[in-house]
Amino acid sequence: MAQGDAAFQQCIAPDCGARYDVAEVRVACPACGGALDVAYDWNRTRPPRSLRAFEAEWARRSDPLRFSGVWRFWELLPFVPREQAVTIGEGQTLLQRADALADFVGLAPNNLHLQYEGLNPSGSFKDNGMAAAFAHAKLTGARRAACASTGNTSASLALYCSVTRLMKAVIFVGSGKIAYGKLSQALDYGALTVQIAGDFDDAMARVREVCVRLGTYLVNSVNPFRLEGQKTIMYRVLEGLHWEPPDWIVVPGGNLGNSSAFGKAFLELKELGLIDRVPRLAVINAAGADTLYELHEQRKVRWNGGRVDRSPERAYYGELDARSIKASTIASAIEIQRPVNLAKCLRALDACDGVVRRVTDQEILDAKAKVGACGMGCEPASAASVAGARLLRSESIIGPSDRVVCILTGHLLKDPTATVAYHSTDQEQFNEILAKRGVRRAAFANRAVAVRNELDDIIRAIQLYS
Ligand code: F0G
């Protein structure tokens, strides 16, 4: 059984590299403070010889752990015995060809794909990571779990707690910083919801203290087990492309858990000889929350073999503090200024010849309307991937015949306020929600038509507008 010392936790800093048992609860290396990975001695875990081997798993989907889009790939995240994994049916998500959107991005019709993670049980990609975190939490016997959240991690945690009954959920959110769809999930699923005066970065700092004080299991993406589950998003992308890596993976960047997980997935697949080349990675920040862009593209901070120079990061945060600048974007899911997975994301960018871009709220909402119009609605943060792909295509960094996969991280219904404000005819609503963020127009708005409640008027309106 692949566990015990065949799977372990390891500090990512090469000068430290300290190892810890999988059963320990850690969100940083006690020796040096660095981030931890879940690592494997692949010689002892028996990974598959070919990715095609996973196709047979699907035929056994009457077993919930084979049905799970996470645990179907258990051989690539074997940190608990398969029978002890936790699932609520996550990862039934599909890679879809998006011909109707390809033209908007600037690609040939069959070259754009969307990985629609909004189809997860709680409506976002977080369930991939939560399934893995819960498997680990169960191993450790934890009874209470917490997170700080811009809404999706909290919705996912609340759902897993209510379905599995393994732990009680405590969630920290910044007041007024979370979209209603997500807040309603946490409340309805019964999580203890703590609204603090502050934003996500404040809540994140606080929840770490609380978890230490109360011995609570932290499920934010500093938890390395979360990222193991999120690796499977890439396995499903590869599966959808018949195991042929695309040229580009484009993903929104907030706390940088996804991008870190994707990089780790590809590094491991390469090491195992299961793919012969890795896709390029593009991480897209919102312009109002663009720390990664600033550090990677402007100040040229690099992975540097694991010896990341943290001084530009500290200097940047000092400048933001001195000018009282806080993260601000309509894409509230990625309204994050101090990403906790920065070092791991730099490793992913290094491994995948990555680039970072930032897109404005205007670009995000226009892309979001285009995504919706082609039948796969998403929340604003998710549309950053499509807006980012379009930008990279206009810069010719993505080539016209490149095969591109954009990750749609969360469902349209997560944030109805942003969607309705964009399509609204109500100028006041537009101003209140969008214009103050620099959104000037809604070029792809689908306006509701106001008609008197008279049959003839209604018929006339339909004939006029359809
Ligand atoms: N897209 C959505 C819909 C998200 O909810 C998040 C993060 C991201 C993108 C960014 O992903 O952090 O892996 O870079 N949401 C977190 C939350 C922070 O609390 O739900 P990342």
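Residues numbered from 1 in each chain as written. Predicted model: local features only at pLDDT ≥ 70, side-chain atom pairs only at ≥ 80, totals over all residues. Heavy atoms only, no water.

Some remarks on the pattern of salt bridges
In the structure shown here, the tally under the stated rule is 34 salt bridges. A salt bridge links Glu-209 to Arg-206, with the shortest nitrogen-to-oxygen separation between them at 2.7 Å. Linking Glu-209 with Arg-206, this pair stays in helix α8 (residues 200–214), spanning three residues, or about one helical turn. Classification of Glu-209 as partly exposed rests on a relative accessible area of 45%. Where Asp-353 meets Arg-280, a salt bridge forms, and the shortest distance between an N and an O atom there is 3.3 Å. Taken together, the residues span a long stretch of sequence, with Asp-353 in the loop between α13 (342–351) and β12 (355–359) and Arg-280 in strand β11 (residues 280–286) at a distance of 73 residues. Salt bridges sharing partners connect three or more residues here, namely Glu-57, Asp-63, Arg-66, Glu-75 and Arg-82. (Salt bridge = Lys/Arg side-chain N within 4 Å of Asp/Glu carboxyl O. Helix = DSSP H or I, 4+ residues; strand = E, 2+ residues; numbered from the N terminus. Buried < 20%, exposed > 50% of the residue type's maximum accessible area, 1.4 Å probe, protein only.)

Observations regarding the site of the ligand
Within the structure, the ligand sits among 20 residues, and Ser-149, Asn-152, Gly-254, Asn-255 and Thr-409 are positioned closest to it. A distance of 2.8 Å separates an oxygen atom of the ligand from a polar atom in the backbone of Thr-153. Burial of the ligand by the protein chains amounts to 99% of its free accessible area of 480 Å². Cavity membership is defined here by more than half of the atoms lying within 2 Å of grid points; on that basis the ligand lies in the largest cavity. At the level of secondary structure, the elements contributing two or more residues to the shell around the ligand comprise α6 (152–164) and α10 (257–271). (Near = heavy atom within 4 Å. Polar contact = N/O pair within 3.5 Å; in protein donor to acceptor, adjacent residues only side chain to side chain. Areas by Shrake-Rupley, 256 points an atom, 1.4 Å probe, with all protein chains shown as cover. 1 Å grid on protein atoms, 1.4 Å probe; cavity = no way out; pocket = protein on both sides within 12 Å on 5 of 7 lines; lining within 4 Å. Sits in = over half its atoms within 2 Å of the grid points.)

Notes on the packing of helix α9 (residues 224–240) against α10
Axis separation between α9 and α10 bottoms out at 8 Å; the angle between their running directions is 65°. Our classification of the angle between α9 and α10 gives roughly perpendicular. As for the relative orientation of α9 and α10, their crossing is right-handed in sense. Counting all contacts with α9, which are made through Leu-227, Glu-228, Gln-230, Lys-231, Ile-233, Met-234, Tyr-235 and Leu-238, the residues of α10 involved are Gly-257, Asn-258, Ser-260, Ala-261, Phe-262, Lys-264, Ala-265, Phe-266, Glu-268 and Leu-269. Its residues assigned to classes, the contact of α9 with α10 shows ten nonpolar, four polar and four charged. (Axes fitted to C-alpha atoms, helices over the stretch in contact; angles between N-to-C directions. Parallel < 35°, antiparallel > 145°, perpendicular 65-115°, else oblique. Left-handed = near helix turned anticlockwise from the far one by under 90°. Contact = heavy atoms within 4.5 Å. Nonpolar A, V, L, I, M, F, W, Y, C, P; charged D, E, K, R; others polar.)

Thoughts on the sheet that holds strand β3 (residues 36–40)
If you trace the three strands from one edge of the open sheet to the other, you get β2-β1-β3, paired in antiparallel fashion. Whereas interior strands pair on both sides, the edge strands pair on one side only; in this sheet they are β2 (19–21) and β3. With strand direction ignored, the average angle separating the axes of adjacent strands in the sheet is 40°. Where strand β1 (residues 7–11) and β3 come together, five bridges link them in antiparallel fashion. Directly across from Cys-11, in β3, lies its bridge partner Leu-36. (Pairing = 2+ DSSP bridges.)

Section: the environment of Ser-50
Its place among the elements puts Ser-50 in the loop between α1 (42–45) and α2 (55–58). Separated by 44 residues in the primary sequence, Ser-50 and Ala-6 have C-alpha atoms spaced 21 Å apart. Here the side chain of Ser-50 touches Arg-52 through a polar contact of 3.0 Å, landing on its backbone nitrogen.

Let's talk about the pairing of β12
Within β12, four of the five residues are buried, which leaves the element mostly enclosed by the surrounding structure. Here β11 pairs with β12 via five bridges, running parallel. When the bridges of β12 are listed, Ala-282 appears paired with Val-355.

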